[in-house]
Amino acid sequence: MTLMNRRVLTLSLAAGALASGACASNARPDPTDRLRSLERGAGDRLGAFVLDTETGRSFGWRPDERFCHCSTFKLSLAAMALREAAAGRLDLAEPLAFSRSDIVAYAPVVEANLDKGALPVLALAEAVQVTSDNAAANVLMRRLGGPEALTQFWRDIGDDKSRLDGYEPDINVIPPGTQENSTTPRAMAETVRRIVLGDVLSLADRDRLVGWMAATESGRNRIRAALPTGWRGLDKTGTGMRPNVGNKTNDLAVLIPPGGRRPIVVVGYFETAAFAEDTRPEDEAVLKTLGEIAVG
């Protein structure tokens, strides 16, 4: 049996045991217990937070521990660009120059436009969210004032935990003994709520960002994969792979039920000690199960 099949089987058995226990006691299983069992079945470290904006109910696992953003920070970076433009401090039509020296691993939009030598702020912000273009993120972040400015953006909107301390690709690890490039599941769930559902952005800019999130395809096998028929999902993923560090599979999602009910915000950070050069289906399956717990 492959590692993936063993992982999926373990998760299925854990879910089945929880379901059986619920039937036996005629009571709904505690979601925190389900998250604990999910982490135990996966065999690695999971951080999660679920916030139901309809009822105000929330729950999580390791909600106040530190996890690395990876590319999930780009949702906030795109939002920051839109907010700065709305405040008159930035022109979305302003061209930002780049060259081949700006190319870092995975930069599909910037690389395709190297002959132009520049793209407008708006196009770079969209590329940051929709394709997770690393070069676009670096170019845009420099224009906005660097990682310190993004950290201050988080402080300005009420997030006193999240921080960024560098540029792609170096920000995909938390240096030992530091809290650099990290957040907590609880803090980021609140930040996602404020950005996507709150008043951080104008209604027009919020609609624009929501459109970008809906067009983002990288999360189709993560939290959004758990959506029941009739639901809509928005998200921003983050993924990190590094020898001697392991893999990180992250997702920030907003799940929208039918019938006018307010959304559920779900954030998940899954870390494995094992290194693989590509995203592993068994790691994404952990976040799918998180989504099932969130909507169940």
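Everything discussed here concerns the structure shown above.
Please read all numbers here as calculations on a predicted model, not as lab measurements. (Residues numbered from 1 in each chain as written. Predicted model: local features only at pLDDT ≥ 70, side-chain atom pairs only at ≥ 80, totals over all residues. Heavy atoms only, no water.)

### Here's the deal with the nonpolar core
Item 1. Counting 57 residues, the largest nonpolar core has Phe73, Leu140, Phe153, Ile195 and Leu209 as the members making the most contacts within it.
Item 2. Phe153 has contacts with Ser76, Ala79, Met80, Arg83, Ile195 and Val200, leaving out every residue within four places of it along the chain.
Item 3. One finds Leu46, Ile264, Val266 and Ile293 within the second-largest nonpolar core, a separate group that totals 19 residues. (Core = buried A, V, L, I, M, F, W, Y, C linked by side-chain atoms within 4.5 Å. Buried < 20%, exposed > 50% of the residue type's maximum accessible area, 1.4 Å probe, protein only. Contact = heavy atoms within 4.5 Å.)

### Notes on helix α2 (residues 31-42)
Item 1. The terminal C-alpha atoms of α2 lie 16 Å apart, and with 12 residues this matches the ideal 16 Å at 1.5 Å per residue to within 8%.
Item 2. For α2, the capping residue at the N-terminal end is Asp30, with a side-chain oxygen 3.0 Å from the backbone nitrogen of Thr32.
Item 3. Gly43, located one to two residues past α2, shows a positive phi value of around 85 degrees. (Helix = DSSP H or I, 4+ residues; strand = E, 2+ residues; numbered from the N terminus. Expected span 1.5 Å × (residues − 1). Polar contact = N/O pair within 3.5 Å; in protein donor to acceptor, adjacent residues only side chain to side chain.)

### Quick look at the side chain of Glu39
Item 1. Considering the arrangement of structural elements, one finds Glu39 in helix α2.
Item 2. Among the residues examined, Glu39 registers a relative accessible area of 9% and is labelled buried.
Item 3. A polar atom in the side chain of Glu39 sits 2.7 Å from the side chain of Arg62.
Item 4. When near neighbours in sequence (up to four residues on either side) are disregarded, Glu39 contacts Asp44, Arg45, Leu46, Trp61 and Arg62.

### With respect to the packing of helix α3 (residues 73-86) against helix α7 (residues 147-156)
Item 1. Packing of α3 against α7 brings their axes to within 10 Å, and their N-to-C directions diverge by 80 degrees. Taken as axis vectors, α3 and α7 run roughly perpendicular relative to one another. In this structure, α3 uses Phe73, Ser76, Leu77, Ala79, Met80 and Arg83 to contact α7, whose residues at the interface are Ala149, Leu150, Phe153, Trp154 and Asp156.
Item 2. Grouping the constituent residues of the contact of α3 with α7 by class yields eight nonpolar, one polar and two charged. (Axes fitted to C-alpha atoms, helices over the stretch in contact; angles between N-to-C directions. Parallel < 35°, antiparallel > 145°, perpendicular 65-115°, else oblique. Nonpolar A, V, L, I, M, F, W, Y, C, P; charged D, E, K, R; others polar.)

### Observations regarding unusual backbone geometry
Item 1. Residue Pro169 is reached from Glu168 by a cis peptide bond, and omega for that bond is 0 degrees.
Item 2. By the element assignment, Pro169 lies in the loop between α7 and β6 (182-183).
Item 3. The backbone phi angle of Ser132 is positive, close to 60 degrees, even though this residue is not glycine.
Item 4. Residue position: Ser132 is located in the loop between α5 (121-130) and α6 (134-144).
Item 5. Exposure remark for Ser132: the relative accessible area of 13% places this residue in the buried category.

### Let's talk about the environment of Pro31
Item 1. Looking at the element boundaries, Pro31 is found in helix α2.
Item 2. Once the C-alpha coordinates of Pro31 and Val50 are considered, the two residues, 19 residues apart in sequence, prove to be 9.7 Å apart.
Item 3. Every residue in contact with Pro31, bar those within four places of it in the chain, is listed here: Arg57, Phe59 and Ile293.

### Focus on the pattern of salt bridges
Item 1. Counted according to the given criterion, the structure contains 19 salt bridges.
Item 2. A salt bridge links Glu84 to Arg83; the shortest N-O distance between them is 3.7 Å. No difference in accessibility class separates Glu84 from Arg83, as the two residues are buried.
Item 3. The partner of Glu94 in a salt bridge is Arg143, with the nearest N and O atoms 3.0 Å apart. Of this pair, Glu94 sits in the loop between α3 and β4 (95-97) while Arg143 is found in helix α6, placing the two residues 49 residues apart along the sequence.
Item 4. Assessed through its relative accessible area of 23%, Glu94 is described here as partly exposed. (Salt bridge = Lys/Arg side-chain N within 4 Å of Asp/Glu carboxyl O.)

These figures capture arrangement, not role.
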